[in-house]
Amino acid sequence: MEYNRGTLSEGLYLMYLGGLIVAVGLVATLLLFMLPVLRVLSLVSAIAALIGAIISVVGLYKMRHLHPDYMSALLLLGLQFVIKIVSRNQINFVVLDMILILVSLVGLYFLIRATNFFLDLRGREDMVKMGNRVLFFNIASSLVSSVLNMFIPKLVNSVEGLFGIIILLLVISLVVTWYQLSYMKKSAEALR
């Protein structure tokens, strides 16, 4: 199968770069928001996270014609955006949050499946396996996060316990995000 290596590599790299900016921006927003003196700076880091998300969308958009799964991932990303807008004013936030997680995971599945297709063409079985682990870790992380979120009121009787669970979820999320970003960057390099 013929494909434009430059477009594929550039799209994956933009997704990596955008994801990195989003991760740093969100962590900075959380940290700055906890410090009352620096709360004004949390707006700047939130804007940085938004810019990172836009860069990721541009990367996925560039790859949309290279494989049908990239287009599917892009459409699911649009659906995520719509769900986020709708869920802002809904009472049944838990159900919409679960739908959002599911749509996100299916979109990630399509992204990884398309990327793994090209990696397999290049004989990069190591990267294909890494992509499969990224998907597994994201599913596992989402399940752990969902279960903990559902049972927080029953598990936590103190502010310290709640803070501990929030920190645990943040650490799990950061580790999974780091691994996913590593996959995106290495894939971009492998498909040059």
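Provided above is the structure to which this section pertains.
Residues numbered from 1 in each chain as written. Predicted model: local features only at pLDDT ≥ 70, side-chain atom pairs only at ≥ 80, totals over all residues. Heavy atoms only, no water.

Engineer: Can you lay out the nonpolar core for me, pointing to particular residues and giving the numbers?
Structural biologist: With 34 residues, the main nonpolar core has Leu8, Leu12, Leu60, Met63, Tyr70, Leu111 and Tyr183 as its most contacted residues. Elements with a contribution of two residues or more to this core: α1 (5–34), α2 (39–63), α3 (68–87), α4 (93–121), α5 (125–155) and α6 (159–190). No other element matches the nine residues that α4 contributes to this core. Residues contacting Tyr70, with those up to four places away along its chain left out, are Leu8, Leu12, Leu60, Met63, Arg64, Leu111, Ala114, Thr115 and Phe118. (Core = buried A, V, L, I, M, F, W, Y, C linked by side-chain atoms within 4.5 Å. Buried < 20%, exposed > 50% of the residue type's maximum accessible area, 1.4 Å probe, protein only. Helix = DSSP H or I, 4+ residues; strand = E, 2+ residues; numbered from the N terminus. Contact = heavy atoms within 4.5 Å.)

Engineer: Can you break down the layout of surface pockets residue by residue, with the values?
Structural biologist: Size it by volume and the largest pocket reaches roughly 2,200 Å³. At the level of secondary structure, the elements contributing two or more residues to the lining of the largest pocket comprise α1, α2, α3, α4, α5 and α6. A total of 10 residues in the lining of the largest pocket trace back to one element, the largest contributor, which is α6. Taken together, the residues of the lining of the largest pocket sort by class into 30 nonpolar, 14 polar and two charged. (1 Å grid on protein atoms, 1.4 Å probe; cavity = no way out; pocket = protein on both sides within 12 Å on 5 of 7 lines; lining within 4 Å. Points joined across faces, edges and corners; volume = space filled by probe spheres on them. Nonpolar A, V, L, I, M, F, W, Y, C, P; charged D, E, K, R; others polar.)

Engineer: An account of α3 is requested, with residue identities and associated values reported.
Structural biologist: For α3, with 20 residues, the first-to-last C-alpha span of 28 Å sits near the 28 Å given by 1.5 Å per residue. Taken together, the buried positions of α3 are occupied by Asp69, Tyr70, Ala73, Leu74, Leu76, Gln80, Ile83 and Ser87. (Expected span 1.5 Å × (residues − 1).)

Engineer: Give a detailed account of the environment of Val147, specifying residues and quantitative values.
Structural biologist: Along the polypeptide, Val147 turns up in helix α5. When the C-alpha positions of Val147 and Ile83 are compared, they lie 21 Å apart, and in sequence the two are 64 residues distant.

Engineer: Pulling in residues and values, what's your account of a nonpolar patch on the surface?
Structural biologist: Taken together, the side chains of Leu30, Leu31, Met34, Leu35, Phe163, Ile167, Val171 and Val175 make up a nonpolar region of the molecular surface, amounting to roughly 710 Å² of accessible area. Among the secondary structure elements, those contributing two or more residues to the nonpolar patch are α1 and α6. In terms of residue count, the dominant contributor to the nonpolar patch is α6 (four residues). Inspection of the secondary structure puts Leu30 in helix α1. (Patch = residues over 30% accessible without salt bridge, like charges linked within 9 Å, V, L, I, M, F, W, Y side chains within 5 Å. Areas by Shrake-Rupley, 256 points an atom, 1.4 Å probe, with all protein chains shown as cover. Salt bridge = Lys/Arg side-chain N within 4 Å of Asp/Glu carboxyl O.)

Engineer: Describe the side chain of Thr115, and please don't skip the residues or the numbers.
Structural biologist: On the secondary structure map, Thr115 appears in helix α4. Look at Thr115 and you get buried, because its relative accessible area is 0%. In contact with Thr115, not counting residues within four places along its chain, are Leu12, Tyr70, Tyr183, Ser187 and Leu191.

Engineer: Could you give me a rundown of the pattern of salt bridges, with the residues and numbers involved?
Structural biologist: Applying the stated criterion to the full structure yields three salt bridges. One salt bridge connects Lys62 with Glu10, and the closest N-O pair in it is separated by 3.1 Å. Taken together, the residues span a long stretch of sequence, with Lys62 in helix α2 and Glu10 in helix α1 at a distance of 52 residues. Given the relative accessible area of 32%, Lys62 is considered partly exposed. Among the salt bridges present, the one from Asp126 reaches Arg124, with a minimum N-O distance of 2.8 Å. For Arg124, a relative accessible area of 29% translates into the label partly exposed.

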